[in-house]
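Analysis of the macromolecular model
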Amino acid sequence: MARGTMHSPKPDGQRRRRNAPTHGETILPADDGVLRGPSLDELMPGRAFSEGVYLWFDDWRASPQAHVFQRTDWRRLALLAPTVEGYLKRPSAAALSEIRMNEERLGATVVDRMRARMTIEGDDADEGEKAPVLRLADARAELRRQMASGE
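What comes next is a walk through the structure. The model shown is predicted, which means the values in this text are computed figures rather than measured ones.

What follows covers unusual backbone geometry. In this structure, R117 takes a positive phi of about 60 degrees despite not being glycine. Secondary-structure assignment places R117 in the loop between α5 (110-115) and β2 (118-120).

Let us look at the packing of helix α3 (residues 71-89) against helix α4 (residues 93-105). Closest axis-to-axis distance for the α3/α4 pair is 9 Å, and the angle between their directions is 150 degrees. Considering their axes alone, α3 and α4 lie roughly antiparallel with respect to each other. As for the relative orientation of α3 and α4, their crossing is left-handed in sense. Seen from α3, the contacting residues are R76, L80, T83, V84 and Y87; seen from α4, they are A95, L96, E98, I99, N102, E103 and R105. Split into classes, the residues belonging to the contact of α3 with α4 amount to six nonpolar, two polar and four charged.

What follows deals with the pattern of salt bridges. Under the counting rule described, the total for this entry stands at six salt bridges. With a closest N to O distance of 3.6 Å, K89 and E85 form a salt bridge. Of this pair, K89 and E85 are both found in helix α3, four residues apart, which corresponds to roughly one turn of the helix. Its relative accessible area of 10% is what places E85 among the buried residues. Between E104 and R100 there is a salt bridge, with the nearest N and O atoms lying 2.8 Å from each other. Residue E104 and its partner R100 are both found in helix α4; the two are separated by four residues, about one turn of the helix. The class of R100 is partly exposed, set by a relative accessible area of 45%.

So, on to α3. Relative to the 27 Å expected for 19 residues at 1.5 Å per residue, α3 spans 28 Å between its end C-alpha atoms, a close match to the ideal helical length. Of all the bends in α3, the greatest reaches close to 35 degrees and is centred on A81; the proline P82 follows between one and four positions later. Lining the buried residues of α3 we find α1 (40-43), α2 (51-62) and α4.

Its place among the elements puts R113 in helix α5. Beyond its immediate sequence surroundings of up to four residues, R113 is in contact with Q65, G107, A108, M118 and I120.

To continue, consider the packing of α2 against α3. Closest axis-to-axis distance for the α2/α3 pair is 9 Å, and the angle between their directions is 145 degrees. Relative to α3, α2 is oriented so that their crossing is right-handed. Together, G52, V53, W56, F57, W60 and R61 of α2 and W74, L77, A78, L80, A81, V84, E85 and L88 of α3 make up the contact between the two elements. Looking at the contact of α2 with α3 residue by residue, the classes come out as eleven nonpolar, one polar and two charged.

Rules behind the numbers
Within any chain, residue numbers begin from 1 and follow the written order of that chain's sequence. A pLDDT threshold of at least 70 governs which residues receive local features in this predicted model, and a stricter bar of 80 or more applies before side-chain atom pairs are shown or counted, although totals over entire chains, interfaces and linings include all residues. Remark: hydrogens and water are excluded; side-chain values derive from all non-hydrogen atoms of the structure. Segments assigned H or I by DSSP are reported as helices when at least four residues long, segments assigned E as strands when at least two residues long, and all are numbered from the N terminus. The convention used is that axes are lines fitted to C-alpha atoms, helices contributing only their stretch in contact, and that angles between N-to-C directions extend from 0 to 180 degrees. For this classification, under 35 degrees means roughly parallel, over 145 means roughly antiparallel, 65 to 115 means roughly perpendicular, and everything else is oblique. Should the near helix be turned anticlockwise from the far one by less than a right angle, the crossing is left-handed, and should it be turned clockwise, the crossing is right-handed. Between two residues, a contact is recorded if the distance between any of their heavy atoms is within 4.5 Å. Side-chain classes are defined by residue name, with Ala, Val, Leu, Ile, Met, Phe, Trp, Tyr, Cys and Pro counting as nonpolar, Asp, Glu, Lys and Arg as charged, and the others, Gly among them, as polar. Here, a salt bridge means any side-chain nitrogen of Lys or Arg that lies within 4 Å of a carboxyl oxygen of Asp or Glu. Three exposure classes are used, based on accessible area relative to the maximum for each residue type with a 1.4 Å probe and protein chains only: buried under 20%, partly exposed in between, and exposed over 50%. Take the number of residues in a helix, subtract one, and multiply by 1.5 Å to get its expected span. Given a residue, its bend is the angle between the two axes fitted to the seven residues that end at it and to the seven that start from it.

In structure tokens:
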């Protein structure tokens, strides 16, 4: 899959290159709103953060990705918290870049999850209502009909 596209990977049987994927697909349970993992206060004792940082951390704790997080993933988020705090106080491109890079590796956006072969149960993005496909021959025939009738 090309970086930055919103297309999900082709099924293995339709892939042009038949290399085996480096890792299997991870099915994440749907968002149930339960906070998982340690709190930010547990990971960073004696450190106070703004409400925005606690909300950001709890968003991660309630995310479907939290089902598969290990202690190291929680540590990565805790180490990122001071950067998020700094960004909220004084936004900078460098801080945003660091936050984005770390969150990308944890599957923050739909594209990040597709790249990591993560799927959230009940996510109908692939099975959603598809736009109708217009066949070129049908379009030409309709155009000829309109030209002939003077529409």
